[in-house]
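# Descriptive analysis of the structure
Now for the letters of each chain:
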Amino acid sequence: MTGGHEPSAPSLATGLTPAWPDRAAWGTAPSLRAWQQAAMSDYFARQPRDYLAVATPGAGKTTFALSVAAELLGRRKVDRIIVVAPTEHLKLQWAEAAARAGVPLDPTYSAGKGRTSADFVGVAVTYAGVAVNPLAMRIRTERFKTLVILDEVHHAGDALSWGEGVREAFEPAARRLALTGTPFRSDVNPIPFVTYAPGDDGVPRSVADYTYGYAHALADHVVRPVLFLAYSGEMQWRTRAGDEVAATLGEPLTKDLTNQALRTALDPQGSWIPSVLAAADKRLTEVRRHVPDAGGLVIATDQDDARAYAKTLRQISGEAPTVVLSDDKGASKRISEFSAGDQRWMVAVRMVSEGVDVPRLAVGVFATTTSTPLFFAQAVGRFVRARTRGETASVFLPSVPTLLGFAAELERSRDHVLGRRVNDEGDLFSPEDALVAQAQATESETGADPGAAFEALGSQARFDHVLYDGAAFGHEGEVHVGSEEEMDFLGIPGLLEPDQMRALLHKRQSERRRTRGGSPAGAGADAGPTVGRPDAAEITAHEQLAVLRRELNGLVAAWHHRTGQPHGVTHAALRKECGGPAAAIANADQLRARIDRVRAWASERRSS
C-alpha cells in the first residue's frame, strides 16, 4: 500500500445490528440456519484469534462468515475485512454476497493499488494475489484491526509460496476466520493458522473448531442427496507402442489400463460420451418437469473437450450450452448469467469446480480425468445446494473404481494429514511400496508419461448401476443405453424425499427382476450393484465367469466402503467360508456362493 492514511471504517459498520440471528447474509432466509447459529454462538463464546470452520459445500459457509464479520464490525472488534478466495470469480461472488449483508467489499483491489474508496470496509483478493506482494497486504492488515476470512483455506497449502505469503501477510491480523468445505489432502505443507494435533497413528491432523459434515447437512435438509449414475462399456485404444487394446470400463484393470480406458471413454469422437450426455439430458428433462429452472453442468478435462461436448449437447438438446473457459475474460459474467437464467446446460473445465454458487444446478456429468478426492468433492459440491425440500442431485460418472469409491464415501469427513509418519517400519516396507506401484502399471507403460502418444479407437456406453445413500441399484444382465431398464432410473421424478427415493429404487429394481424372472427382490440391494447371473445357454463360459467376477468385485468394493475392510481381507474371508481357490480361477458355483455370502453379510449388518 502506498502513502497516506486511509479513512476509518464508514458509518454503516457502526450501524450494523448486533442481533446477528436476524441477519441472513444472502438475504434468502429470515434467520441463520441452526448450524450457523451454533457456530456463531461457539465463536463469540470463545472469541479466538484463529477459527477453522469446516462445512460441507452448499451448507452456507459464506453466510456464516459474513455474519461473523458483521457482528465483529458492529461490536468494533475489527475495523476492516479482507477476504482471500481461490479465484477471480469467487472474489466477485464474495463481494456480491457481502453487499447484501451490508459489508461492502472491493473485489478489484490488488496489492499494488494502495488505498480503496471510503465506500468499502474491506477488500477481496486471491491467494495468488497475496503471494505476489505479501508485504503490501501485511501493511494493510496491521494498520487496522483486521478480520481476515480465508475461503477454502486448503489452497494455502497448494504451493509453498502461497502458504508463506498468507502467513507473512496476515500474521498481524486481529482475527482470522478459515473456511473449507472439502476434504484436505495428505501432504507435507502445513496450512497457515490451522492447528494440528497427532491422531491415533501419531500423524498430525488438522483440528477444526466447528465441523458440519455432509451427513448432518443432509439430515437437516440443508443439502440435496445425490443420485450417482455409473456407466461402463467397451473401450478400444492404441498404446504408444502401437498395440491395440480392448477392455471394459469398470472391470479390474491395472492403474495404467484404467486411466487409458477412462481417456477412451471421454474421447469426444467415441460413442461413450455422446450416449452419456444424451442420458444426462433425458434426466435433466425429467427433473425440469418438477423443477423448471433446473440446470446441468458438464465438467471436462480440457478446453478442446469442453467445446466438443458443447457441440454434442447442442445436437442432443437443441439448445446451445454456456461454455466457461478459464482464459475467457467473460467467464464470470457467463457463470452469473447462467445462474440467473434458465438455460439447460453449462460446460466448464475447472471454473465451476469449487465455491461457485449456481443453486439451480441439479444434473452433472463428471467427464474429466482429474480424479482426486479433493476435486471430486469440490465438483459434487456444485450440485448439492438445496433450495426446496425433495430436490435430488443426479451426477453421471464413468464406472471407474476410484470414482465409485469417492461416491460411496461422500458422507465421510476428512482432515488435513501432514504426510506419512517416518519410522523404521515405514522404511522397512518402502521397497515393497515401490514394487506394488510398479505392479500397478503394465510392462509397456511402466515409467511412461501418462500424456504420451495415445489413440482412442472406439467406445460403447452401457448403463451400470445407481449409487444412492451408500447402496447400489441395478438390473439383471447388461443394460443398454436407451433401454427401458435405463429409463427406470433416468425417469425418476425430480422431487422426492430421501425415503421416497430409496423406496422407489428398491421398487423399480424388484419389479424388473420379477418381470424377467430374476433372483428374489431386494437381495443384496444395499451391498452393491446387481449385474445379474447370465444363462449359460446364452453366453460362453468365460463370459459367464467374467460377469460373475465383476459382480463379486462390485459387492466386495461396496462392502469395503461400508465397513472399511480391505478388499483382500474380504476375499480371503469369503474363500475361508465358502471354500475354493482365488476368484481369478474359481468356477461359477464357487463365485455364486461368495456372492450370496457377501449379500448375507449385508443383510445381517442391516438387521443388527
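Above this note sits the structure.
The present account deals with the structure reproduced in this document. All of these numbers come straight from a predicted model, not from anything done at the bench.

Calculation criteria
- Chains are numbered independently. Their residues run from 1 in the order of the written sequence.
- Given that the model is predicted, a residue must reach a pLDDT of at least 70 before its local features are reported, and side-chain atom pairs must reach 80 or more before they are shown or counted; all residues, however, enter totals for whole chains, interfaces and linings.
- Side-chain numbers here rest on the full set of heavy atoms in the structure, without hydrogens or water.
- Each Phe, Tyr or Trp ring, with Trp reduced to its six-membered ring, pairs with another whose centre is within 6.5 Å; inter-plane angles below 30 degrees give stacked pairs, above 60 give edge-to-face pairs, and intermediate values give tilted ones.
- Each helix is a run of H or I in the DSSP string that is no shorter than four residues. Each strand is a run of E no shorter than two, and both are numbered from the N terminus.
- Remark: exposure states derive from per-residue accessible area (1.4 Å probe, protein chains only) relative to the maximum for the residue type, with buried under 20%, exposed over 50%, and partly exposed in between.
- Should the NZ of a Lys or the CZ of an Arg lie within 6 Å of a ring centre and within 35 degrees of the ring normal, that charge is described as sitting over the ring.
- Note on geometry: axes are lines fitted to C-alpha atoms, helical ones only across the stretch in contact, with angles between N-to-C directions running from 0 to 180 degrees.
- An angle below 35 degrees is read as roughly parallel, one above 145 as roughly antiparallel, one from 65 to 115 as roughly perpendicular, and any other as oblique.
- The handedness criterion is simple: a crossing whose near helix is rotated anticlockwise from the far helix by less than a right angle is left-handed, and one whose near helix is rotated clockwise is right-handed.
- The contact criterion used throughout is that any non-hydrogen atoms of two residues lie within 4.5 Å.
- Gly falls in the polar group here, along with every residue not listed as nonpolar (Ala, Val, Leu, Ile, Met, Phe, Trp, Tyr, Cys, Pro) or charged (Asp, Glu, Lys, Arg).
- Here a strand pair is declared whenever DSSP counts at least two bridges between the two strands.
- Should a side-chain nitrogen of Lys or Arg be within 4 Å of a carboxyl oxygen of Asp or Glu, the pair is scored as a salt bridge.

### Section: the packing of aromatic side chains
- Scanning the entire structure with this criterion turns up 15 aromatic pairs.
- Measuring from centroid to centroid gives 5.4 Å for Tyr-231 and Phe-463, while their planes differ by 75°, and the two rings are edge-to-face. Taken together, the residues Tyr-231 in strand β11 (residues 226-238) and Phe-463 in strand β20 (residues 462-468) connect sequence positions 232 residues apart. Comparing Tyr-231 with Phe-463, the two get one shared label, buried.
- Taken together, the ring pairs connect Trp-35, Tyr-43, Phe-44, Tyr-51, Phe-64, Tyr-210 and Tyr-212 into an aromatic cluster.
- Arg-360 extends its terminal NZ or CZ atom over the ring of Phe-338, reaching a point 4.1 Å from the ring centre.

### Points about the packing of helix α10 (residues 272-290) against helix α11 (residues 303-317)
- Viewed as axis vectors pointing N to C, α10 and α11 meet at an angle of 50°, and their least axial separation amounts to 10 Å. Accordingly, the angle class assigned to the pair α10 and α11 is oblique. The chirality of how α10 crosses α11 is right-handed. On the side of α10, the interface is formed by Ile-273, Pro-274, Leu-277, Ala-278 and Asp-281, while α11 contributes Tyr-309, Thr-312, Leu-313, Ile-316 and Ser-317.
- A per-class count over the contact of α10 with α11 returns 7 nonpolar, 2 polar and 1 charged.

### Considerations on the sheet that holds strand β10 (residues 210-212)
- Strands sit in the order β3-β4-β2-β5-β6-β1-β10 across an open sheet of 7 strands; the sheet is parallel. On the outer flanks of this sheet lie β3 (105-106) and β10, each paired with one strand and no other.
- In the packing of helix α2 (residues 34-46) onto the sheet, contacts are made with β1 (50-55), β6 (175-180) and β10, and the angle to β1 comes to roughly 165°.
- The strands touched by helix α6 (residues 134-143) are β2 (80-85), β4 (122-126) and β5 (146-150); relative to β2, the strand with the most contacts, the crossing angle is about 145°.

### As for the pairing of strand β17 (residues 393-398)
- For β17, a buried count of 6 out of 6 residues is recorded, marking the element as mostly surrounded by other parts of the structure.
- Alternating residues of β17 divide into Ala-393, Val-395 and Leu-397 and Ser-394, Phe-396 and Pro-398, and every residue in both groups is buried.
- Here β11 pairs with β17 via 6 bridges, running parallel. Across the sheet, Leu-227 pairs through a bridge with Ser-394, a residue of β17.
- Taken together, the 3 bridges between strand β16 (residues 361-367) and β17 define a ladder with parallel strand orientation.

### Observations regarding the pattern of salt bridges
- If you walk through the whole model with that rule in mind, you get 20 salt bridges.
- The salt bridge partner of Arg-238 is Glu-455, with a shortest N-O separation of 2.4 Å. One end of the pair, Arg-238, is in strand β11; the other, Glu-455, is in strand β19 (residues 455-459), and 217 residues separate them in sequence.
- Judged by relative accessible area, Glu-455 falls into the partly exposed class, the value being 39%.
- The partner of Arg-592 in a salt bridge is Asp-589, and the shortest N-O contact between them spans 3.4 Å. Of the two residues, Arg-592 and Asp-589 both sit in helix α20 (residues 588-607), 3 residues apart, roughly one turn of that helix.
- Through salt bridges with shared partners, a single ionic network connects Arg-224, Asp-293, Arg-387 and Glu-391.

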